Amino acid sequence: MASGLSSFPVIINGDFTTSVDIFDRGLMYGDGLFETVRVVKGAAPLWPYHCQRLALGCNRLGINIDQALFNRLWEYLQRVIAKAGRGTETCIVKIMITRGSGGRGYKPPSHVNPTEIVICYPSVDNPEVNVSKGISVSVCNHRLSENPALAGLKHLNRLDQVIASGELDESVAEGIMLDQKGNVIEGTKTNILFFDKKRVITPKTTVCGVEGVVRRFLFDNLAKVGLEGRVEEVALSDVDKFDGMAVTNSVIGLWPVQNFNGLDLRISPVIEIIKRLFKEELMFEYVV
C-alpha cells in the first residue's frame, strides 16, 4: 500500500491505487474535468448538480461516458469514504474524469476509455468567523483567459487560478479574478454574489469562469425564500454600489465579504436568509 493511501484513499477505474498511466491525457494535456463534492455522513446534498455539470462537461469535450457512470462514481465515493473511516463525519471527495490514455499529440484517439478517479480528503477548515463576520478579499492582477467553449466548465486546466492564487498572502481569504475587460467574474476558488435589496446578482460566466453548483442551487431556490436573481456583467467600479457581497462554493457554502481590496463593505441582511437555506437544504452547520 502506498504511504498516503490509508489517509487519502484513491480509486482509479474501480481499484484502490495511486498510480495513473503516464500517458493519461488528463496528465499530458489537462484533458478532463473534476468535481469537488462535500459529503456529510455519507450524503452529498449537491450530488445531482455535480452530476449535471460533469455530464455537460463530458458532452462539450466529447468524452464518451456510459449511462452507468454516475452509479459507479457514487459507489466509488462510498467506498473511499468507508476506507478513510469518514462515513459518520464531513469530508471532501474529489472526482476526476479524463479522456483516458492513448494518442501522441493533441488529437484525441478514435477509441479510448475514460479514466475515473475518486479521492477522499478530510473536511477543510471553515472558520465560523468567516461565516459570521465576513472575509477580506483582494483583486488579482492575473486575469482569466476567455473561451466560450470552455466557460462554465470545471475542466482540469486551472493555470489561471494557480497563477492568481500565487499573488495572495495571509491577509486575505480569497482573490477576485477579472475578465480581460476588467469585469468581476469569480474568486480563485469561489463564485461571487452581490446583493441589491432582495435581489441576488452574480457575474456572467458565458465567456470565462466556472458555473458553480452552489450558485446554481441557490438560483434554483431563490423564489422559495422570497428573493430574486439576476446574472449580469459587473464592472469593478460598481462593487461599492451594492448592499453587500459574498463568495460561495460547494465546500465553504457562503462567506460574506466585509473588505474588498481595502474598501469596507456592508453585510447584507440577505446573507442570513441564504445561510438558513444552506443549513436546511445543504447541511451546513451555520449559526442562524
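The structure presented is a predicted model; accordingly, all values stated were derived computationally and were not measured.

**Q** Hey, could you run me through unusual backbone geometry in this one?
**A** Trans peptide bonds make up the majority, and among non-glycine residues the majority have a negative phi. One non-glycine residue, Asn-261, adopts positive backbone phi at about 55 degrees. Along the chain, Asn-261 falls in the loop between strand E13 (253-260) and strand E14 (263-264). In this structure, Met-283 is a non-glycine residue whose phi angle is positive, near 65 degrees. Along the chain, the position of Met-283 falls in the segment after helix H7 (270-282).

**Q** What exactly am I supposed to notice about the confidence of the model for the protein chain here?
**A** Do not read the fine detail of predicted coordinates wherever pLDDT is low. Across the protein chain, the average pLDDT comes to 95, with 97% of residues at 70 or higher. In this model residues 1-5 is a low-confidence stretch, pLDDT under 50, and it forms six contacts with partners more than four residues away in sequence or in other chains.

**Q** Looking at this model, I keep getting lost on helix H2 (residues 47-61). Mind explaining?
**A** One turn of an α-helix holds 3.6 residues; hence residues three or four places apart share an orientation. When the terminal C-alpha atoms of H2 are compared, their 21 Å separation across 15 residues agrees well with the 21 Å that a helix rising 1.5 Å per residue should span. Of all the positions in H2, only Trp-47, Tyr-49, His-50, Cys-51, Arg-53, Leu-54, Gly-57 and Cys-58 are classed as buried. Elements that come into contact with the buried residues of H2 comprise strand E3 (32-40), helix H3 (69-84), strand E4 (90-98) and helix H6 (213-221). Of the residues flanking the end of H2, it is Gly-62, one or two places downstream, whose phi is positive at about 75 degrees.

**Q** Is there a simple way to explain a nonpolar patch on the surface in this structure?
**A** A cluster of nonpolar side chains, contributed by Val-20, Ile-22, Phe-23, Leu-27 and Met-28, occupies part of the molecular surface with about 500 Å² of accessible area. Looking at the secondary structure, you find Ile-22 in the loop between strand E2 (15-16) and helix H1 (25-29). Accessibility expressed as a relative area gives 53% for Ile-22, which makes it exposed.

Definitions and limits used
- Residues numbered from 1 in each chain as written.
- Predicted model: local features only at pLDDT ≥ 70, side-chain atom pairs only at ≥ 80, totals over all residues.
- Heavy atoms only, no water.
- Helix = DSSP H or I, 4+ residues; strand = E, 2+ residues; numbered from the N terminus.
- pLDDT = per-residue confidence, 0-100.
- Contact = heavy atoms within 4.5 Å.
- Expected span 1.5 Å × (residues − 1).
- Buried < 20%, exposed > 50% of the residue type's maximum accessible area, 1.4 Å probe, protein only.
- Patch = residues over 30% accessible without salt bridge, like charges linked within 9 Å, V, L, I, M, F, W, Y side chains within 5 Å.
- Areas by Shrake-Rupley, 256 points an atom, 1.4 Å probe, with all protein chains shown as cover.
- Salt bridge = Lys/Arg side-chain N within 4 Å of Asp/Glu carboxyl O.

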